[in-house]
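# Geometric and topological summary
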Amino acid sequence: MKLETYPDREFMMLGLANVIAGQLADFLRREGKASLCVPGGTTPGPIFDTLSGVDLDWGNVAVFLNDERWVGEDSARSNTRLLRERLLKGKAAAARLVPLYAEAGQPEEALGALSEGIAPHLPISVLLLGMGADMHTASLFPGADRLEEALAADAPVLMALRAEAAGEPRITLTAPVLKGAMNIHVLITGAEKREALERAMGLSALEAPVRAVLDNATVHWAE
Ligand SMILES: O=C1O[C@H](COP(=O)(O)O)[C@@H](O)[C@H](O)[C@H]1O
């Protein structure tokens, strides 16, 4: 794991947005296409704001979430809503959103179709992950009902998971898909998450799911 610490959050968000844009530009130059996989939650909004204004060949970039809460876009908890409001606007409006949500009562009903949408965009070119203070990343929560299966090397692309701390049912990319990304960035802020990260380094992925991706990741932290 590589740890980058920044003097403040604003500096970090701008710096990391530029790194991500540069990595996407490299993929676009070399392969004519790229995939960008991003978290929801409360942390990444400022990165999305910057990225949305970057001059890139967004029409050849597939954008999708690490995970989604099983709620419609009318909910303030919808990660898809965050993406539409903060990333897929301005220049980045031309990017292709690959959905992690469909109108269905339970995520299991939509898993097949959603997985088929994601599969052609793997391996992920640039992966940005968040982390909760409980050491979850994507929707791989400690204590989740099917965490062990989602961490396994032969896990499918997407799984539905439930955990008490998660609130609603979740759909998430699994550990092998996340670990297989070509560039992995983990974005964390504040003292509590920094302590959680240090704790995670001494735990197993079952105890601290973020552990599953840390070996190949650059972690970006600011107070
Ligand atoms: O529930 C989620 O939580 C994590 C962390 O969110 P944050 O609000 O602490 O930044 C996020 O990475 C994930 O995508 C989201 O669904």
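Residues numbered from 1 in each chain as written. Predicted model: local features only at pLDDT ≥ 70, side-chain atom pairs only at ≥ 80, totals over all residues.

What counts here: UniProt positions are given in the numbering used here, feature names are shortened, and annotations may be inferred rather than shown by experiment.
As recorded in an unreviewed UniProt entry, the protein goes by 6-phosphogluconolactonase and comes from Paragemmobacter aquarius. Taken directly from UniProt, the Catalytic activity (unreviewed entry) text for the protein runs: "6-phospho-D-glucono-1,5-lactone + H2O = 6-phospho-D-gluconate + H(+)". Checking UniProt for the protein, the heading Function (unreviewed entry) contains the comment "Hydrolysis of 6-phosphogluconolactone to 6-phosphogluconate."

### Regarding the site of the ligand
In plain terms, the rule: Think of it this way: take the backbone, place a C-beta atom on it, and check whether that atom is within 6 Å of the molecule or strand, in which case the residue is near it. Following the grouping adopted for this structure description, the nonpolar residues are Ala, Val, Leu, Ile, Met, Phe, Trp, Tyr, Cys and Pro, the charged ones are Asp, Glu, Lys and Arg, and the polar ones are all others, Gly among them.
In the region of the ligand, the neighbouring residues are Pro-39, Gly-40, Gly-41, Thr-42, Thr-43, Asn-66, Asp-67, Arg-69, Asn-79, Gly-130, Gly-132 and Ser-139. A per-class count over the shell around the ligand returns one nonpolar, nine polar and two charged.

### Some thoughts on the UniProt feature "domain: Glucosamine/galactosamine-6-phosphate isomerase" (unreviewed entry) in the protein
Put simply, the rule reads: By definition, any uninterrupted DSSP run of H or I lasting at least four residues is a helix, any uninterrupted run of E lasting at least two residues is a strand, and each is numbered from the N terminus.
The feature "domain: Glucosamine/galactosamine-6-phosphate isomerase" (unreviewed entry), as annotated in UniProt, sits at residues 8–221 in this numbering. This span, residues 8–221, is 33% helix and 17% strand, and a straight line between its end C-alpha atoms measures 9 Å.

### Structural notes on the nonpolar core
A general tendency of soluble globular proteins is for nonpolar side chains to be buried together. Our working rule: Think of a nonpolar core as buried Ala, Val, Leu, Ile, Met, Phe, Trp, Tyr and Cys residues chained together by C-beta atoms that fall within 7 Å. Burial is judged by counting other C-beta atoms within 10 Å of a residue's own C-beta: 20 or more means buried, 12 or fewer means exposed, and anything between counts as partly exposed, with every C-beta placed from the backbone. Whether two residues are in contact depends on their C-beta atoms, placed from the backbone: they are in contact if these lie within 7 Å.
Of all hydrophobic cores here, the largest spans 71 residues; its most connected members are Val-63, Leu-127, Leu-178, Val-186, Val-210 and Val-213. With six residues, the single largest contributor to this core is helix H1 (residues 9–31). What Val-210 contacts, discounting residues up to four positions off in sequence, is Met-131, Met-135, His-136, Thr-137, Val-186 and Ala-200.

### What about the sheet that holds strand E6 (residues 126–129)?
Going by this rule: At least two bridges found by DSSP between two strands is the condition for calling them paired.
What the seven strands build is an open sheet, ordered E1-E10-E9-E6-E2-E3-E5; its pairing is parallel. Because the sheet does not close on itself, it has two edges, and the strands there are strand E1 (2–5) and strand E5 (96–97). With five bridges connecting them, strand E9 (residues 184–189) and strand E10 (residues 218–222) associate as parallel partners. From the neighbouring strand, Ile-188 faces E10, where its bridge partner is Trp-221.

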